Amino acid sequence: MELTEYLGRETVLPLDSVPPISLSGRLEALVGRYSIWGEGDRAWMAVYYDAAASYPWLDVSCVPEHLVAFVSAGYRWGFVLEAHLEQFRQDTAGYGITCIPVSSFTEEVLSCAHRERLPEACAGLLWINDDFLYDTSIPFDTAAFRIIDTGAAYLNPKHFSVKQLIDQWNHQ
């Protein structure tokens, strides 16, 4: 899935249609059974949902099995698990989020062939094609290896996961 097909689309709501409450306020307090981690202090926030929560406003654990979405600050984009997509769209109607359906947050299903098309917020991401480390038919890239060897955090533009992207974006 080519990342720029989604992140190149920016949703801007007119000032008079900006939601009157934060996304975490809406999902946690009004809808219930949600918990949001990272709103206000991260580039991307994690959204957790538990349909079986006994106390809809207090009982949602922020554990991997409840993670259903990552939403960008400013509510422009959201990577949403396909199984939760329709409910998430209904619960976040009015926020202008471009929902990007994914089957997993950990499988390397994303790619980015056109980094120049990414939003400016991605400018600090380091991209290195490290396939030469695992495929002996590809010539060894000494310059790339020197950077990798320093322990620098990077993404491989040919294949990366949503989780890898979010972790890098939140820590740049």
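Details of the structure are given in the entry above.
If you're wondering where the values come from, they're calculated on a predicted model, not measured in any experiment.

### With respect to the sheet that holds strand S3 (residues 67-72)
- Taken together, five strands build an open sheet; the order of strands is S1-S2-S3-S4-S5 and the sheet is mixed. The two strands at the open ends of the sheet, each matched to only one other strand, are strand S1 (34-37) and strand S5 (98-102). In this sheet, neighbouring strand axes are inclined to one another by 20° on average, regardless of whether the strands run parallel or antiparallel.
- By the bridge criterion, five bridges tie strand S2 (residues 44-49) to S3 in an arrangement that is antiparallel. Bridging across to S3, Met 45 finds its partner in Val 71.
- Here helix H5 (residues 162-170) sits on the sheet in contact with S2, S3, strand S4 (77-81) and S5, set at roughly 145° to S4.

### Details of the pairing of S3
- Judged by how many residues are buried, S3 sits mostly within the fold: six of six residues are covered.
- Pairing of S3 with S4, which is carried by three bridges, proceeds in the antiparallel orientation. Considered in S4, the bridge of Phe 70 is made with Phe 79.
- Adjacent in sequence and paired antiparallel, S3 and S4 are bridged by four residues, among which Gly 74 carries a positive phi angle near 85°.

### Details of the pairing of S2
- Within S2, six of the six residues are buried, leaving the element largely enclosed by the surrounding structure.
- Burial along S2 is two-sided: the residues Trp 44, Ala 46 and Tyr 48 and Met 45, Val 47 and Tyr 49 are all buried.
- Across four bridges, the pairing between S1 and S2 is antiparallel. For Tyr 34, the partnering residue across the bridge sits in S2 and is Tyr 49.
- Taking the residues that link successive antiparallel strands as the turn, the S1-S2 hairpin has six residues, and the phi of Gly 38 there is positive, at about 100°.

### Details of the packing of aromatic side chains
- As enumerated under the stated definition, the model contains 10 aromatic pairs in all.
- Relative to Phe 160, the ring of Trp 127 has its centre 5.4 Å away and its plane inclined at 70°; by these criteria the two rings are edge-to-face. Here the residue Trp 127 occupies a position in the loop between S5 and helix H4 (142-149), and Phe 160 occupies one in the loop between H4 and H5, the gap between them amounting to 33 residues. Here Trp 127 matches Phe 160 in class, with each residue buried.
- On the basis of an interplanar angle of 85° and a centroid distance of 5.1 Å, the ring pair of Phe 132 and Phe 140 is categorised as edge-to-face.
- Put simply, the rings of Trp 44, Trp 77, Phe 79 and Trp 169 pair up and form one aromatic cluster.

### A few points about the nonpolar core
- Ranked by size, the top nonpolar core spans 28 residues in total, and within it Leu 3, Phe 79 and Leu 165 carry the most contacts.
- Mapped onto this core, the elements with two or more residues apiece are helix H1 (4-7), S2, S3, S4, S5 and H5.
- The greatest single-element share of this core, amounting to four residues, is contributed by H5.
- With sequence-adjacent residues up to four places away left out, Leu 3 is seen in contact with Phe 79, Leu 110, Ser 111, Cys 112, Leu 118, Phe 160 and Leu 165.

### Structural notes on H5
- By the burial criterion, the buried members of H5 are Val 162, Leu 165, Ile 166, Trp 169 and Asn 170. Each buried residue of H5 lies within a common arc of 120° when the element is viewed along its axis, so the set occupies one face.
- Looking at the buried positions of H5, the neighbouring elements they touch are H1, S2, S3, S4 and S5.

About the criteria used
Residues numbered from 1 in each chain as written. Predicted model: local features only at pLDDT ≥ 70, side-chain atom pairs only at ≥ 80, totals over all residues. Heavy atoms only, no water. Pairing = 2+ DSSP bridges. Helix = DSSP H or I, 4+ residues; strand = E, 2+ residues; numbered from the N terminus. Axes fitted to C-alpha atoms, helices over the stretch in contact; angles between N-to-C directions. Contact = heavy atoms within 4.5 Å. Buried < 20%, exposed > 50% of the residue type's maximum accessible area, 1.4 Å probe, protein only. Phe/Tyr/Trp six-rings, centres within 6.5 Å; stacked < 30°, edge-to-face > 60°. Core = buried A, V, L, I, M, F, W, Y, C linked by side-chain atoms within 4.5 Å. Arc of directions from axis to C-beta.

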